[in-house]
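What follows is the residue order along each chain.
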Amino acid sequence: MPYDQDFDLSTLVEDDRVHKACYADEAVYEKELENIFYKSWIYIGHESQVLNAGDYWTTWVGKERMILCRDDKGGVHVLYNRCPHHGALICNNHTGNSGNKHAFRCPYHAWQFNMDGSLRNLPMKDGYEGIIDLTDPQLQMKRAERQSTYRGFVFASLCKDGPDLETWLGAGGKSAFDDICNRSPDGECEIVANCFRIIQHSNWKTFLENQLDAVHPSITHHSTGDAASQMQKVYTKETGEDPPMGYQFLADFALPYEVWDSLDTIGHPFGHTQLAGYMGLRPRDPVTLAHEKVLTEAYGKKRMDEILSTNIHHVLVYPCLSVQPPLQQLRAVRPLAANKTLTEIWHFKLKGAPEGIYERSLAYYYLVNSPSTMVNADDLNNFRAVQDGLSLTGGGDWVSLHRNAGQDTVENGITTSITGMSEQPMRNMFAAWKEYMSTGA
Amino acid sequence: MPKNKTLNFSVEVQQNVEQFLYKQADILDERNWEAWLELFTNDGKYWMPAHPEQKTGDGLPNIFYEDRYLMDMRIRRVEHPYAHSQKAGHRTSHVVSNVMIESEDKKNGNLVCSSRFHMIEYRLEKQRYFGGKYTHSLERIDNSYRIKLQRVDIANVEGPFDYVMQVWL
Ligand code: FES
Ligand SMILES: [Fe+2]
């Protein structure tokens, strides 16, 4: 559908179906950047990513290229990756350290900047004497309009106004980070300094929707689920031991429909959405018992029980994150075009928790989220097929979100799905989408 | 150690090792999975580190880190009738070269060798290109070799990866 400037974007979204232009139209995508990605809070990175003064990582907010860095007083900053002189990218690597002066140095004419973006020095200063004051803000690297941190997770907003981070996250969004950090006896997590980046040939929303799509796993991941359950038997037969937990992670992807249907999804304001857990991560093995012990020492038995019974498998922080708290995984969504999305995939260690808890997280990071994943191989293939189909002119204009439409329970702005397979998560995210796109919320 | 390490080793060993590496590449390109597993010792591993300087795969993120069980599972998946992403066909072609023997245990014939590979992959009417370095730790068994550890350092290790790798490189 050719997009025209007078077209009312809110008509693309109905209660139980959405127009394919939402996924496939470049002009709609540009509007999404403007109204969603440049207005809401976007996850930039974790404070522990930049442990030392001068450390930096680069990332994206829509088409804007941003830097996360730390100064020598311990402050963490989010800057636009652009030199105020002739506009060159300052950091041209994914990550690094700005050197022993803790200052960025532009590769073009050697202007130097402190880690907070202020101009530190430049060659042949006399050319500016009496013309412009070198402390003028237009000669500094620009900072993100707003920056805020929740439990070590750094967000930026490229819009001066709007709700503060905690209001915007709400109970739904915060649960992603609380449920990671609370599982540490110190109440903190630490990022593992490895970022897998995978390009998807599909719209950013397709990825988020898939995360809470309980109908797809037993179909899409049938082959992996089968192979994993077969190997559990082979492993036990040959070694006489229980197979490593990783096989169960994969076998779970092929759980029967009934199991998926028994889960709840919960829709929160601003499009944040949760999926109740299913992975039984509280078995009675020595690792779990050791974890219980350190948490009981830190918080008491009652609180330990509360923390470990938190039953969230997935939290979508709309529009930028998919978080799996009990496995300490996070995927940041960076839309590059209507039909192209970059995911940045990270995992975390729980400070003070037994090493075995990290080994679970690492196993999942490898088996599900690495560039050799057997799981996402089939997801990405589906996403590409969806994008290709939605890019066709004929064959229909709408995407159906009818499953259990109108049957979910709404209370105080929170929607609880009638069944795990309800397309409630997609409808909840599109309700937020419509809100952002019509008001620029 | 002399500058030209390879000169220390016999032509015969060099030839045997080259033949072994060529055979492995052929097995992979022909998707001869049973033979693939037989290339490895029982405790053999296929390892692609996530960082060039990585010294071990244990306890760290890796791109590939698979023992025979995980390799067996990967084979079962790609051969499964519902492996949707394999339906479009999947073909690879490897070239292995620059084979250098790094060290050899003269007592048992076990050795470490490095080589370079180029690989193209065809899938969904598109071609992808990979290249990098293999480091094989080989055990001399029954007049041939078995892989105790195959380290694969790909040139584009930092990514980003356009799609994922469904089988070993
Ligand atoms: S463009 Fe950066 S110093 Fe000139
Ligand atoms: Fe999936």
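Residues numbered from 1 in each chain as written. Chains lettered and ligands numbered in written order. Predicted model: local features only at pLDDT ≥ 70, side-chain atom pairs only at ≥ 80, totals over all residues. Heavy atoms only, no water.

Novice: I would appreciate a short explanation of the overall build of chain B in the present structure.
Specialist: When you go through chain B residue by residue, the secondary structure sums to 3 helices and 7 strands. Listing each helix as α and each strand as β along chain B from the N terminus yields α-α-β-β-α-β-β-β-β-β. In terms of overall dimensions, chain B is globule-like: its C-alpha atoms have a radius of gyration of 16 Å, near the 15 Å expected for 169 residues. Dimensions of chain B, computed from the C-alpha atoms along their principal axes, are close to 50 × 35 × 30 Å. In chain B, buried positions account for 49% of the 169 residues. In chain B, 58% of the contacts between residues at least 6 apart in sequence involve partners at least 24 apart. A total accessible area of about 8,500 Å² is found for chain B, and carbon and sulfur atoms account for 50% of it. Looking at charge distribution, chain B has the averaged site of its 23 positive side-chain charges lying 2 Å from that of its 24 negative ones. (Helix = DSSP H or I, 4+ residues; strand = E, 2+ residues; numbered from the N terminus. Rg over C-alpha atoms; globule rule 2.2 N^0.38 Å. Buried < 20%, exposed > 50% of the residue type's maximum accessible area, 1.4 Å probe, protein only. Contact = heavy atoms within 4.5 Å. Areas by Shrake-Rupley, 256 points an atom, 1.4 Å probe, with all protein chains shown as cover. Lys, Arg positive; Asp, Glu negative; His and termini not counted. Charge placed at Lys NZ, Arg CZ, Asp CG, Glu CD.)

Novice: I tried to follow the sheet that holds strand β4 (residues 111-123) of chain B on my own but got confused; where do I start?
Specialist: Sheet strands pair by backbone hydrogen bonding; their relative direction is either parallel or antiparallel. Residue and element names in this part refer to chain B. Here we have 6 strands laid out as an open sheet, ordered β2-β1-β6-β5-β4-β3, and mixed in their pairing. The open sheet terminates on both sides in strands that have one partner only, identified here as β2 (62-66) and β3 (91-104). With direction set aside, neighbouring strand axes in the sheet form an average angle of 20 degrees. Where β4 and strand β5 (residues 126-141) come together, 13 bridges link them in antiparallel fashion. Residue pairing across strands places Arg123 opposite Lys126, the latter belonging to β5. (Pairing = 2+ DSSP bridges. Axes fitted to C-alpha atoms, helices over the stretch in contact; angles between N-to-C directions.)

Novice: When you look at the packing of helix α4 (residues 204-211) of chain A against helix α12 (residues 375-390) of chain A in this model, what are you seeing that I'm missing?
Specialist: In helix packing, the relevant descriptors are the interaxial angle and the interaxial distance, both defined with respect to the helix axes. Residue and element names in this part refer to chain A. Put simply, α4 and α12 touch, their axes get as near as 10 Å, and they point 130 degrees apart. Comparing the axis directions of α4 and α12 gives the class oblique. Judged by the twist between their axes, the crossing of α4 over α12 is right-handed. The segment α4 lies against α12, with Thr206, Phe207 and Asn210 engaging Asp379, Phe383 and Val386. Here the residues of the contact of α4 with α12 sort into 3 nonpolar, 2 polar and 1 charged. (Parallel < 35°, antiparallel > 145°, perpendicular 65-115°, else oblique. Left-handed = near helix turned anticlockwise from the far one by under 90°. Nonpolar A, V, L, I, M, F, W, Y, C, P; charged D, E, K, R; others polar.)

Novice: Is there a simple way to explain the pattern of salt bridges in this structure?
Specialist: Side-chain pairs of opposite charge can arise whenever the charged atoms involved come near each other. Applying the stated criterion across every chain, the model contains 28 salt bridges over all chains. For the salt bridge of Asp179(A) with Arg183(A), the shortest nitrogen-to-oxygen distance reads 3.0 Å. Judged on exposure class, the residue Asp179(A) and its partner Arg183(A) are both buried. A salt bridge links Lys106(B) to Glu104(B), with the nearest nitrogen and oxygen atoms 3.2 Å apart. One salt-bridge network, in which partners are shared between bridges, spans Lys302(A), Arg303(A) and Glu306(A). (Salt bridge = Lys/Arg side-chain N within 4 Å of Asp/Glu carboxyl O.)

Novice: Explain the nonpolar core to me, please; I cannot follow it from the model alone.
Specialist: Within soluble globular proteins, side chains that are nonpolar generally end up buried alongside one another. By size, the foremost hydrophobic cluster in this structure holds 148 residues, and its most contacted members are Phe155(A), Trp433(A) and Trp36(B). If you look at the next biggest cluster of nonpolar residues, it comprises 17 residues, including Phe113(A), Met115(A), Leu139(A) and Met141(A). (Core = buried A, V, L, I, M, F, W, Y, C linked by side-chain atoms within 4.5 Å.)

Novice: Hey, could you run me through the pairing of β4(B) in this one?
Specialist: A regular strand places its side chains so that they alternate between the two faces of the sheet. Of the strand pairs in this sheet, β3(B) and β4(B) are connected by 11 bridges, and their pairing is antiparallel. The residue bridging Ser103(B) from the neighbouring strand is Val112(B), located in β4(B).

Novice: It is not clear to me how the packing of aromatic side chains should be interpreted in this structure. Could you clarify?
Specialist: The description of two aromatic rings rests on the distance between their centres and on the angle between their planes. Across all of its chains, the model carries 29 aromatic pairs over all chains by this definition. Residues Trp204(A) and Tyr318(A) carry aromatic rings whose centres are separated by 5.8 Å and whose planes lie at 45 degrees to one another, so their mutual orientation is tilted. Of this pair, Trp204(A) sits in helix α4 while Tyr318(A) sits in the loop between β16 (312-317) and β17 (321-324); the two residues are 114 residues apart in sequence, bridging distant segments of the chain. Residue Tyr318(A) is classed as buried on the basis of its relative accessible area, which comes to 2%. Here the aromatic rings of Trp33(B) and Trp168(B) are separated by 5.8 Å at their centres, their planes lie at 75 degrees, and the arrangement is edge-to-face. (Phe/Tyr/Trp six-rings, centres within 6.5 Å; stacked < 30°, edge-to-face > 60°.)

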